[in-house]
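# Topology and contacts: notes
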Amino acid sequence: MAKGREKSDDRVVPKALRKKGEIAAGEQWGGKAVTANEQAKQLEMFGETADSPQGADGGADEGQPLPAPCAVPKSLNKTRDAVPTMTMEEVANGENLRKAFRQVASNHGAPGPDRQSVEEVGKHLNEVLLALRSELLDGSYRPGQIRRVWIPKSNGGQRGLGIPNVIDRIAQQAVQQVLSPYYETTFHASSHGFRPGKSCHTAIAEALQHLEEGYEWVVDLDLEKFFDQVNHQRLLARLEQTIADRRVLELIHRMLKAKAVMPDGVVVSTEEGVPQGGPLSPLLSNIVLDELDRELEQRGHRFVRYADDCNIYVRSERSGQRVMAGIRSFIERRLRLKVNAEKSAVSRPEKRHFVGFSLRREPLDGSIEVLLSERSKRRIDEKIRTLTPRTWGQSLRDCIHGLNEYLLGWIGFFRIASVRGLPELDMHIRRRLRAIAIRHWRRRRSDASWKPLKPGRRSWWRLSLTPRVTRPLSNARLAERGLISLEAEWVRYQAKPNIVTAPEQLSLALG
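Now for a description of the structure that goes with this document. (Residues numbered from 1 in each chain as written. Predicted model: local features only at pLDDT ≥ 70, side-chain atom pairs only at ≥ 80, totals over all residues. Heavy atoms only, no water.)

### Describing the sheet that holds strand 7 (residues 217-222)
If you trace the 4 strands from one edge of the open sheet to the other, you get 10-11-7-12, paired in antiparallel fashion. For this open sheet the edge positions go to strand 10 (302-306) and strand 12 (345-347), each flanked by a neighbour on one side alone. Sheet twist, expressed as the mean angle between neighbouring strand axes with direction ignored, is 20°. Relative to strand 12, strand 7 runs antiparallel, the two being bridged by 3 bridges. By the bridge assignment, Val-218 is partnered in strand 12 with Ser-347. Across the sheet, helix 7 (residues 200-212) touches strand 10 and strand 11 (309-314), and the angle it forms with strand 10 is around 165°. In this fold helix 11 (residues 281-298) packs onto strand 10 and strand 11, with an angle of close to 170° to the strand it touches most, strand 10. (Pairing = 2+ DSSP bridges. Helix = DSSP H or I, 4+ residues; strand = E, 2+ residues; numbered from the N terminus. Axes fitted to C-alpha atoms, helices over the stretch in contact; angles between N-to-C directions. Contact = heavy atoms within 4.5 Å.)

In structure tokens:
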């Protein structure tokens, strides 16, 4: 919203609220009559959402032509009449914007570069949405900068997330709500990432079917830095096949070009990619990768895709190698993306990590078992160590409370895996809690339990298995203090009706 704004008394007033004749005095918004002057005064307290005070527009000036299509397949739609309308009027519709804000607020996201929280925007929602609506319709809206944060990955790397300003997230969500109903009907059934009614669990359920039908080798494809390497020209060309309103295309173009503020404060331009973190990014990524899905379908392959992780199931290793070479060539030459050679392989499913799980055929009865992948096992071990440090300075009940919050979410996601390994994990958790309790006893010099537990040559970890510790802190005593059992929770889930949907991923706390 930077371009077209003027400063008055050192405060920012959106152009949409200042243009004569754009908003009539007393216009109804959400059932409340607000004059144009009142709207401007109330909105003055908000900071800019544009990407620079100088009026930069994210690399897309108004009226600038979109990039020309390049190597994009023909549209599946023969006539425009068959395509539902996806217009700026729908995006800027008052109810659509309100629905978008409710969705953004429900995600409890962190502030963007302007540091405005969802709560702050919500206090002046009528004025904000009225200004946003007007600027979307007259073409003066300019997305703000995106705050780049880095989330550690289990393999030692980092995942880059882009956090737009709240107002920009509302605009992205509004676009997503208009585009999604159409594109959802066109996506392949084997695409499970970021889609309503689908999840990691539905992806595993389909993978199980392929293995049961004898396709016991997997071509595991991992796209290297996919979200950062999406080609904007190809994406916009695909959108142009179905979106007739050029204003919507230009708006998406500006959103893609929004500059990013790095953690050290450096502002960088965006030439490619759809950074994770915005409401529109998942839909755009599926639009890009739907071309891969159609190619796999045309070649007759059985596959399951979740976001940028794709597993193709074949009958032999030799077939897998041939498929790997062909699909890799398609991805890198046609889609202009890169396959991560280190993370991609042709292998047995039990040796691969797919959405947190691995699949294994039982040699004795031939059944297929869903197991935790090795990476998921390492992650839960690391998390337990973090939540139960030896130097825990608060009460044992507080430690159990924090541990339970994580374990309940974890078992809710991994409930479709085999119970194998859960009893041992429960034992490990209880032992770590007992080690914490021993150190607490050490501080109580008058406690009769302390003297016999003086470590000597034995570590606190070894002492946690002695009867002097396990009796007062038995499994039942820890359960009385609130500790849940992963095995018991797993059994409880199995008693419920079979539910195949699940959260797309464990939540990430964004700073």
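### Remarks on the pattern of salt bridges
Under the defined criterion, the tally for this structure stands at 24 salt bridges. The shortest N-O distance in the salt bridge between Arg-234 and Glu-291 comes to 3.2 Å. Here Arg-234 is found in helix 9 (residues 232-240), whereas its partner Glu-291 is found in helix 11, with 57 residues between them in sequence. Classification of Glu-291 as buried rests on a relative accessible area of 4%. (Salt bridge = Lys/Arg side-chain N within 4 Å of Asp/Glu carboxyl O. Buried < 20%, exposed > 50% of the residue type's maximum accessible area, 1.4 Å probe, protein only.)

### Some details on the environment of Lys-343
Topologically, Lys-343 is positioned in the loop between helix 12 (317-333) and strand 12. Exposure remark for Lys-343: the relative accessible area of 29% places this residue in the partly exposed category. Sequence separation between Lys-343 and Glu-224 is 119 residues; the distance between their C-alpha atoms is 8.8 Å.

### Digging into helix 11
Because each turn of an α-helix spans 3.6 residues, side chains separated by three or four positions in sequence point in the same direction. In a regular helix each residue adds 1.5 Å, so 18 residues correspond to 26 Å; helix 11 covers 26 Å between its end C-alpha atoms and thus fits that length. A bend of about 35° at Leu-289 is the largest found in helix 11. Summarising burial for helix 11: 14 of the 18 residues are buried, a large majority. Note on helix 11: the residue one or two positions beyond its end, Gly-300, has a positive phi of about 80°. (Expected span 1.5 Å × (residues − 1). Bend = angle between axes of the 7 residues up to and from the residue.)

### A closer look at the pairing of strand 7
The element strand 7 is largely enclosed, with a buried count of 6 among its 6 residues. As paired strands, strand 7 and strand 11 are joined by 6 bridges and run antiparallel to one another. By the bridge assignment, Trp-217 is partnered in strand 11 with Val-314.

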